[in-house]
Structure formats: structure tokens, C-alpha cells
Amino acid sequence: MSAASCLLTEDQFLCSICLDVFTDPVSTPCGHNFCKTCITKHWGVNARCRCPNCQKVFRTRPELQVNTFISEVAAQFRQSAQQKASSSSSEQQAAKPGEVPCDLCTGTKLKALKSCLVCLASYCETHLEPHLTASRLKRHQLIDPVENLEGRMCTKHDKPLELFCKTDQMCVCMLCTVLDHKTHDVVHLKEGYEGKKAELGTTEAEIQQMIQKRRLRIQEMKHSVEFSKKDADREIADGVQVFTALKESVERSQAELIDTIKEKQRKTEKQAKGFIKELEQEISELKKRSTAPPTKDWTKVSVRPSSYEGTVVRAVTQLEETLSKQMKKEMKKLSEAELKRVQQHAVDVILDPDTAHPSLILSDDGKQVKPCNVENYLPDNPERFDKDYNVLAKESFSSGRFYYEVRVKGKTSWALGVARESINRKGENTLSPQNGYWTISKMLGGRYCAAAFDLPICLSLESEPEKVGVFVDYEEGLVSFYDVDAAALIYSFTGCCFTEKLYPFFRPCYIILRSFFALFDSNYAPLVISPVNHTD
């Protein structure tokens with residue numbers, strides 16, 4: 001029997017209905033063999049008894065008997081195949097998560113090597129062998145293992161989706177190309193897959209780049225939140241300290257007021273008690289004598305109630321003066337702390353000669369700029385200011401925080417701040433946020449102003465600053481100016497909306513009258529970008 005089975009080909013032991021090794025094989029009158037269960041079910045769902053192989057019709061259902069010879073050979077073949085599968089499975093790997101498992105494996109599912117678009121099943125190396133050796137199964141289309149094979153069948157024609165329609169961007173079967181997609185651009189699925197893969201590769205790279213940018217943005221936001229929390233905690237601590245000091249001062253003043261009023265009342269009570277005691281003694285003497293002894297004239301003696309008028313007013317006035325001094329003291333501390341914090345964001349700023357007006361002179365190190373009474377011949381590039389005496393820094397900023405300091409001592413007029421990249425550099429321009437400038441200025445005549453949308457905002461300063469600090473928080477939309485020596489805030493632009501690069505901006509003078517330049521000699525002192533000396 002073993003020798004006979006070796007002479008038979010493998011596909012002779014497969015039922016053409018279930019495509020598996022025979023189980024209880026039976027023979028039809030036309031000579032074809034099937035599993036008894038398979039042919040019985042097949043005839044049970046069909047009105048006529050027809051051979052699935054040769055299509056011969058039987059008027060009456062044949063009486064089927066198990067073919068013992070084929071059954072024994074098939075059993076032996078099955079046993080041999082199972083032994084082979086058992087030894088092979090020990091060498092093969094079990095399907096891992098994410099890998100396609102074999103649909104025919106029982107127990108441990110082995111990794112599938114191929115999927116069949118006809119059988120709609122995936123096979124490991126052992127169970128794939130019939131598709132590689134059996135003549136009928138060799139005609140089946142095998143692909144790399146995939147899941148959801150049912151989704152690879154055309155729901156309309158029940159055929160494999162072997163083609164790709166570029167026109168409709170969808171997978172189609174052979175019948176689809178003849179019917180619904182007749183005039184469309186159709187290619188083989190593999191070609192369409194490669195094209196789509198390349199397209200998706202480009203898209204994936206763009207998506208990854210977008211994801212990376214957003215991750216960086218998230219990190220920036222997290223850092224901003226951390227900085228904001230630290231700033232908030234510091235402000236709360238400073239606020240608690242200030243108001244605690246003010247509260248203690250108010251409580252002391254209240255206690256002093258109460259003590260003053262009580263002391264006056266005690267003096268009044270003491271004086272009245274003395275008079276009453278003296279009067280009682282005289283009454284006692286008068287009762288003892290028959291004649292009146294000399295006594296004190298009490299008509300001119302009286303107890304005057306203490307006057308409390310103005311006590312509260314004087315106390316409140318004194319408290320106001322005390323609080324004012326305390327507030328100035330605490331505000332000075334807060335200003336110094338605030339300046340110290342913004343100085344932590346100091347950056348190195350260097351002037352850009354390509355933007356400087358021809359009548360400006362820049363130092364070799366790019367740290368100083370001053371006007372001159374002669375216009376230098378310089379190329380009129382698009383970045384250069386041609387009317388206003390302006391110059392920008394080389395450095396630009398489009399995120400985060402930055403700070404720099406400029407010495408303005410000895411200047412009769414100047415302007416400092418930041419400007420956006422797209423400002424108009426040709427012709428005269430008003431310094432205003434609407435035109436892309438966030439600046440403060442010392443005007444001719446000594447007035448200090450902040451740039452505004454319509455009219456400049458006049459600034460009232462206790463003293464003229466000799467060094468000005470400029471701080472920008474890009475995300476917060478904040479531009480602040482500080483008197484560095486006084487550690488005092490000069491002015492802040494808040495709620496700004498920055499959408500492009502910002503450049504440090506400098507204007508060392510407002511006007512030069514060349515015929516009368518001697519009148520303006522005092523303004524020929526330079527604006528100097530100073531190194532930041534962090535306050536202690």
C-alpha cells in the first residue's frame with residue numbers, strides 16, 4: 001500500500017469540493033471521487049444531481065458507498081502529511097502579533113507565507129504545498145500574506161481585485177474593467193500599488209515633518225506654561241509679601257490710633273477722679289463743722305472732655321504717607337526683581353550695515369551708531385532705509401523671549417524698540433504698531449513718547465534714563481522698556497499679535513539740518529548697545 005501511494009500524485013488524494021484530503025471517499029457512477037459529506041451537501045443544495053467535475057447529470061441520486069481502497073490510501077497519505085507537517089511546524093515560527101496566521105493550522109497558528117485569492121485563505125509552508133504541487137491548485141493566484149481576504153474580492157462580481165483604476169482611485173476586478181470601468185485608466189494592482197506607495201511615501205514624509213513641527217510646538221507651549229507658572233508663583237509670592245507688609249502697617253496704625261484715643265480718655269478720667277475726691281473731702285469737712293471753713297472756689301473748675309476731632313484724619317494721613325513710602329519701597333523691590341528676570345533673556349545684538357541710512361555711521365564691531373552731517377555713498381539695496389535715520393540689527397526673532405540694553409546718555413533725541421520684517425524701508429514712515437514698529441522715543445524738546453496707532457502716547461518719567469532695556473515676549477505679544485539704572489518700567493505694549501520676524505530697531509536722531517548741524521552737536525553722541533550686567 002505504501003508503494004502504491006508513492007506512485008500516486010498528491011492532487012489525487014484531494015477532494016475537488018473541499019480541496020482537502022479525502023474523508024470517507026465515495027465514487028460517483030461517472031468515476032469521480034469526493035468526500036461523502038461534501039458530495040451529499042452539494043447535491044442537497046442543488047435541484048439536480050450533477051457531478052461537480054464532469055457535470056454529468058443523474059436522473060436519480062446514486063447510492064454512494066465508501067471506496068475502501070481510496071479511503072485507506074487517503075488515510076495513509078493524511079498520516080504521512082501530518083507527520084511531515086509536525087516536523088515542519090517545529091522548524092517554522094508561530095505567527096507573532098501583526099503577522100498573518102495560517103488559516104488551516106489547528107492549535108498553534110504558524111506564520112502564513114502566502115494568501116490565495118481564489119480560496120480566500122492564508123497558508124503556512126506546510127499547508128501551502130498543495131498549491132505548489134497540485135495541478136488544479138497551481139492555477140490559483142497567490143499573493144504575499146494579507147488579512148481580510150474577503151475585502152479583496154469584488155463585492156459586485158465575486159472576483160479577485162487584481163487591477164487598480166487610476167481614474168476612480170480604487171481596486172477593481174477583471175469584469176469591472178469590461179463593464180463599469182471600460183474607458184478608465186486601469187493598471188495591474190502591483191503597478192498601482194507601487195505608484196500609490198511612492199505617493200504615500202512622499203505624503204508620509206510631509207506628514208512626519210508636520211508632526212515633528214507640531215511636537216516642537218507642543219514642547220514650546222509646555223515650556224511657555226512652565227515659565228508662566230514660575231512667573232505666576234513669583235508674582236504671587238511678591239504680591240503676598242507686599243500686601244503682608246501693607247497689612248501689618250495698617251494694623252500698627254490702627255493700634256496706635258486706638259491707644260491714642262484710650263490715653264486721652266484715661267487722662268480725662270484721672271482728672272475727674274481727682275476733682276471728685278477733693279470735693280468729697282470738702283463735703284466731709286463741712287458736715288463736721290458748725291461754721292463754714294474756707295473752701296475752694298469750684299465755680300471755675302470743670303472737667304473738659306478730650307477732643308477727638310481730627311485724630312482719625314491725622315492717623316489716616318500718617319498711614320497714607322507710611323503706605324506710600326512702603327509701596328514705593330516694595331515697588332522698587334518688584335521692579336528690580338522683574339528687571340533681573342527679563343535680563344536672563346539677554347541676547348547679543350549687532351547692527352546690520354546693509355539696513356543703515358547713508359547718513360549713519362556704524363562702529364566696526366556693530367555695537368554703536370551715530371548720525372553724521374554728510375551722506376555716505378552706499379548701494380541702495382532693498383533692505384536699506386533711504387529717508388528715516390534708522391538701522392536694524394542682524395539678528396531676527398520669531399519665537400521665545402529676548403532682551404537687550406542700549407546706552408542713550410547724552411542724546412537729545414532717539415527711538416528704540418523692535419520692527420517687523422515687512423516694514424516699508426523706503427520713504428518716511430511713522431513709528432506705530434500699525435506700520436510695524438513697537439518703539440519708545442525721546443523727541444526734540446525732551447518729551448518721551450510711545451508709538452501709537454493715531455497720536456503718540458506721552459510718557460511721564462521721574463528721571464531721564466541713561467540706559468534703556470528692551471524686552472520682547474513673542475508668544476505673549478509683549479514689548480517692554482526699562483530704565484535700567486532706576487530698575488523702573490517705562491512702558492509696555494501688551495496684546496500684540498506677532499506673525500513674522502522681529503528685528504531690534506534703532507534711530508539715533510530724528511532730524512539733521514546740515515546747514516545748522518552745529519545746533520545739534522549734542523545729538524551726535526552714539527547709541528551704544530551695551531553688555532547686560534545682571535543685577536544682584
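This structure is a prediction, so every number in the text was calculated from the model and none was measured.

A. How the structure looks around helix α2 (residues 36-44). Along α2, the positions that sit buried rather than exposed are C38, I39 and W43. The buried residues of α2 occupy an angular sector of 120 degrees when the element is viewed end-on, so they sit on one face. Exposed residues pointing more than 90 degrees away from the buried face of α2 are listed as K41 and G44. At its buried positions, α2 is contacted by β1 (25-27), β2 (33-35), β3 (49-50) and β4 (57-58).

B. Highlighting the pairing of strand β16 (residues 437-442). In terms of burial, β16 is largely enclosed, as six of its six residues are buried. Taking every second residue as pointing to the same face, both faces of β16 are buried, with Y437, T439 and S441 on one and W438, I440 and K442 on the other. Relative to β16, strand β15 (residues 414-420) runs antiparallel, the two sharing six bridges. Bridging from a neighbouring strand, A419 pairs with Y437 of β16. If you look at the hairpin formed by β16 and strand β17 (residues 448-450), you'll find five residues sitting between the two strands, and G445 has a positive phi there, around 105 degrees.

C. Local environment of the state of the cysteines. Overall, the coordinates contain zero disulfides when judged by the stated rule. Note on C173: no disulfide assigned, nearest cysteine sulfur contributed by C176 at a separation of 3.5 Å. Of the residues examined, C173 reaches a relative accessible area of 0% and is grouped as buried.

D. Structural view of the environment of Q326. You can see Q326 is positioned in helix α8 (residues 311-343). Placed 84 residues apart in sequence, Q326 and V242 show a C-alpha to C-alpha distance of 8.6 Å. Once you skip the residues sitting within four places of it in the chain, Q326 turns out to touch A245 and L246.

E. Representation of a nonpolar patch on the surface within the structure. Taken together, the side chains of L175, V178 and L179 make up a nonpolar region of the molecular surface, amounting to roughly 270 Å² of accessible area. Tracing the backbone through its elements, the reader meets L175 in helix α6 (residues 174-178).

F. Up close: the packing of aromatic side chains. Summed over the entire model, instances satisfying the criterion amount to nine aromatic pairs. With a centroid separation of 4.0 Å and an interplanar angle of 15 degrees, the aromatic rings of F397 and F402 are classed as stacked. An identical accessibility class is assigned to F397 and F402; each is buried. Geometrically, the ring pair formed by F481 and F493 is edge-to-face, given 6.2 Å between the ring centres and 75 degrees between the ring planes. Taken together, the positions of F481 in strand β20 (residues 478-483) and F493 in strand β21 (residues 488-493) put the pair twelve residues apart, joining distant regions of the chain.

G. Highlighting the sheet that holds strand β5 (residues 114-116). If you walk across this open sheet you meet the three strands as β6-β5-β7, and the pairing is antiparallel. Unpaired on one side and paired on the other, β6 (121-123) and β7 (142-143) mark the two borders of the sheet. Of the strand pairs in this sheet, β5 and β6 are connected by three bridges, and their pairing is antiparallel. Bridge assignment links C116 to a residue of β6, and that residue is A121. The strands touched by helix α4 (residues 125-133) within the sheet are β5, β6 and β7, with β6 carrying the most contacts at an inclination of about 110 degrees.

H. Spotlight on the environment of D365. The residue D365 is located in the loop between β11 (360-362) and β12 (368-371) in this model. Residue class for D365 comes out partly exposed when judged on its relative accessible area of 47%. Distance in space between the C-alpha atoms of D365 and I350 is 7.6 Å, their sequence separation being 15 residues. Polar contacts involving the side chain of D365 include one to the side chain of S363, which spans 2.5 Å.

I. Focus on the side chain of N390. You can see N390 is positioned in the loop between β12 and β13 (391-392). According to the relative accessible area criterion, N390 is buried, its value standing at 0%. Within polar-contact distance, the side chain of N390 engages the side chain of R507 at 2.7 Å.

The rules behind the values
Residues numbered from 1 in each chain as written. Predicted model: local features only at pLDDT ≥ 70, side-chain atom pairs only at ≥ 80, totals over all residues. Heavy atoms only, no water. Buried < 20%, exposed > 50% of the residue type's maximum accessible area, 1.4 Å probe, protein only. Helix = DSSP H or I, 4+ residues; strand = E, 2+ residues; numbered from the N terminus. Arc of directions from axis to C-beta. Contact = heavy atoms within 4.5 Å. Pairing = 2+ DSSP bridges. Disulfide = S-S within 2.5 Å. Patch = residues over 30% accessible without salt bridge, like charges linked within 9 Å, V, L, I, M, F, W, Y side chains within 5 Å. Areas by Shrake-Rupley, 256 points an atom, 1.4 Å probe, with all protein chains shown as cover. Salt bridge = Lys/Arg side-chain N within 4 Å of Asp/Glu carboxyl O. Phe/Tyr/Trp six-rings, centres within 6.5 Å; stacked < 30°, edge-to-face > 60°. Axes fitted to C-alpha atoms, helices over the stretch in contact; angles between N-to-C directions. Polar contact = N/O pair within 3.5 Å; in protein donor to acceptor, adjacent residues only side chain to side chain.

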